[in-house]
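What follows is the residue order along each chain.
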Amino acid sequence: MGKKTKTYGYNGPFLGPTIRVERGQNIHIHTQNRLKQATSFHWHGAILDDSSDGGPHQTVAAGQNKLISFKVNQPAATLWYHPHAVGSTASQVYNGLAGFLLVDDQNSRQLKLPRNYGKDDFPIVVQDRSFDKNNQLDYKKIVSSNGTLGNTLLINGTQNPYIETTTKYVRLRLLNGSNAREYTFKLDDRSSFYQISTDGGFLKKPVQENKITLAPGERAEIVVDLGHYSQGSQVKLKSADSNILTMKVKNNHDGETKLPRQLTNLQTVTKSGQKVTQNIALSDMGHMVSINNRQFSMNRIDLKVKQNTTQVWKIRNKNNMMGEIHPFHIHGVQFRLLSINNNASPSNMHGWKDTIMTRPGNQYKILIKFTQTGVFMYHCHNLEHEEAGMMGQIRVVP
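Since we're looking at a predicted model, the values are computed, not measured. (Residues numbered from 1 in each chain as written. Predicted model: local features only at pLDDT ≥ 70, side-chain atom pairs only at ≥ 80, totals over all residues. Heavy atoms only, no water.)

### A few points about the overall build of the chain
So, step 1. For the chain, the helix and strand inventory stands at 5 helices and 29 strands.
So, step 2. In terms of C-alpha radius of gyration, the chain reaches 20 Å, essentially the compact-globule figure of 21 Å for 398 residues.
So, step 3. Evaluated residue by residue, the chain yields a buried proportion of 56% over its 398 residues.
So, step 4. Summarising the internal contacts of the chain: among those between residues at least 6 apart in sequence, 77% fall at separations of at least 24.
So, step 5. One way to put it: in the chain the 48 positive side-chain charges average out to a point 3 Å from where the 30 negative ones average out. (Helix = DSSP H or I, 4+ residues; strand = E, 2+ residues; numbered from the N terminus. Rg over C-alpha atoms; globule rule 2.2 N^0.38 Å. Buried < 20%, exposed > 50% of the residue type's maximum accessible area, 1.4 Å probe, protein only. Contact = heavy atoms within 4.5 Å. Lys, Arg positive; Asp, Glu negative; His and termini not counted. Charge placed at Lys NZ, Arg CZ, Asp CG, Glu CD.)

Right under this line is the structure:
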């Protein structure tokens, strides 16, 4: 067995509880920091005021408590929470601080989708970690300024997990919770599945896909149809040659019999006639990373935008020697992807997003409107890039 691994967790030794909330609900969360360093509680993907966002300005000192209160003001979505203090985000997430925040609403409860938690509806966080000879997560020994990668995959904190399924459809809420690694998810027999959601909520209708790629911080909900598999068979969700989840088909007759044709009334957005109001350039690698040739300063506001004003941002990942991807995340808002290199975005990316993977040499246009006032972060969600200074601040004014 060897030595037990020392880890961080929320209300437990590793990771945190799945928190379920309702749209329109006022929630109050009592937080305690029992670490020996400051932390924060960032609600990734949540649309909320800056005082509750949990960014670098809302830290909780070692040994201190804080009450966080906010109203849930967005559609059903798979969100998550993690630390966001300057200088310690990457190590704290690596050691285990992350959890799911699931938002439900009237529409999601009426849709005929798998939604029995732990039976046909499963949150799946994928993380890569490395253990030393004493079974410890020695972040300081393996940290890389280009993004820390591990040699062992953990799925919900365990290795090689499986579920025994009893329904025709299984819903998987996928979260890339790694510091830097991207994953391309596919079924081992190359069967297709249905993507039903992006970071911030449902797509207009299910989109049939053979694979999807998620960068750190991104989420997607997929539904796997097990109806054509025989009892006793196994279906594996994989990334490259690694097993993510084995689904052992015990029965496939229960649950919903078909998926809804429409999931939500999502307004169509087009790239035509949209004037760019903000340019964002993501540059370089390692300790040289920057946004618009600047590295992060807590004392500087980089952008000012007006509340409830619709804008178009062009985000460009400048070519670099190593071909670094930069997952670009914005706090306190959800946006729509208009185009990639002036071409229409793929149908499975038409939903609400708070994080997009940007590849070297590519440019992305997004449609964005901040509804909350205050100061919010935007940054690369490669956590080592973020801590090297690839982050800026937006002030939203009335």
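Past the structure itself, the notes keep going.
### Examining the sheet that holds strand β1 (residues 19-22)
So, step 1. Judged by pairing direction, the sheet is mixed, and its 4 strands sit side by side in the order β1-β6-β5-β3 without closing on themselves. In the strand order of this sheet, the two ends are held by β1 and β3 (42-44), each with one partner. Sheet twist, expressed as the mean angle between neighbouring strand axes with direction ignored, is 30 degrees.
So, step 2. Note that β3 and strand β5 (residues 77-82) share 3 bridges and pair antiparallel. Among the inter-strand pairings, H42 is bridged to a residue of β5, identified as H82. (Pairing = 2+ DSSP bridges. Axes fitted to C-alpha atoms, helices over the stretch in contact; angles between N-to-C directions.)

### Details of the pattern of salt bridges
So, step 1. Here the structure, examined in full by the defined rule, presents 17 salt bridges.
So, step 2. The partner of D104 in a salt bridge is R20, and the shortest N-O contact between them spans 3.1 Å. Here D104, found in strand β6 (residues 99-104), pairs with R20, found in strand β1; they are 84 residues apart in sequence, far enough to count as distant.
So, step 3. Taking relative accessible area as the criterion, R20 reaches 33% and is therefore assigned partly exposed.
So, step 4. Measuring nitrogen to oxygen at the nearest pair gives 3.4 Å for the salt bridge that ties D302 to R294.
So, step 5. A network of salt bridges, in which partner residues are shared, links D199, E218, R219, K353 and D354. (Salt bridge = Lys/Arg side-chain N within 4 Å of Asp/Glu carboxyl O.)

### Section: the packing of aromatic side chains
So, step 1. For the structure shown, the criterion picks out 10 aromatic pairs.
So, step 2. Ring centres of Y10 and Y81 lie 5.1 Å apart, and the angle between their planes is 55 degrees; on these two criteria the pair is classed as tilted. Residue Y10 is found in the segment before β1, and its partner Y81 is found in strand β5; the two are separated by 71 residues along the sequence. Judged on exposure class, the residue Y10 and its partner Y81 are both buried.
So, step 3. Here W313 and Y378 contribute two aromatic rings whose centre-to-centre distance is 6.3 Å and whose plane-to-plane angle is 75 degrees, an arrangement assigned as edge-to-face. On the criterion of sequence distance, the pair formed by W313 in strand β21 (residues 311-317) and Y378 in strand β28 (residues 374-380) is long-range, its members being 65 residues apart. The same class applies to W313 as to Y378, namely buried.
So, step 4. Through a chain of ring-to-ring contacts, three or more aromatic side chains come together here, namely Y10, F41, W43, F70 and Y81.
So, step 5. It is K248 that lies over the ring of Y162; its NZ or CZ is 3.9 Å from the centre.
So, step 6. Geometry around W352 places R336 over its ring, the cationic atom sitting 5.3 Å from the centre. (Phe/Tyr/Trp six-rings, centres within 6.5 Å; stacked < 30°, edge-to-face > 60°. Lys NZ or Arg CZ within 6 Å of the ring centre and 35° of its normal.)

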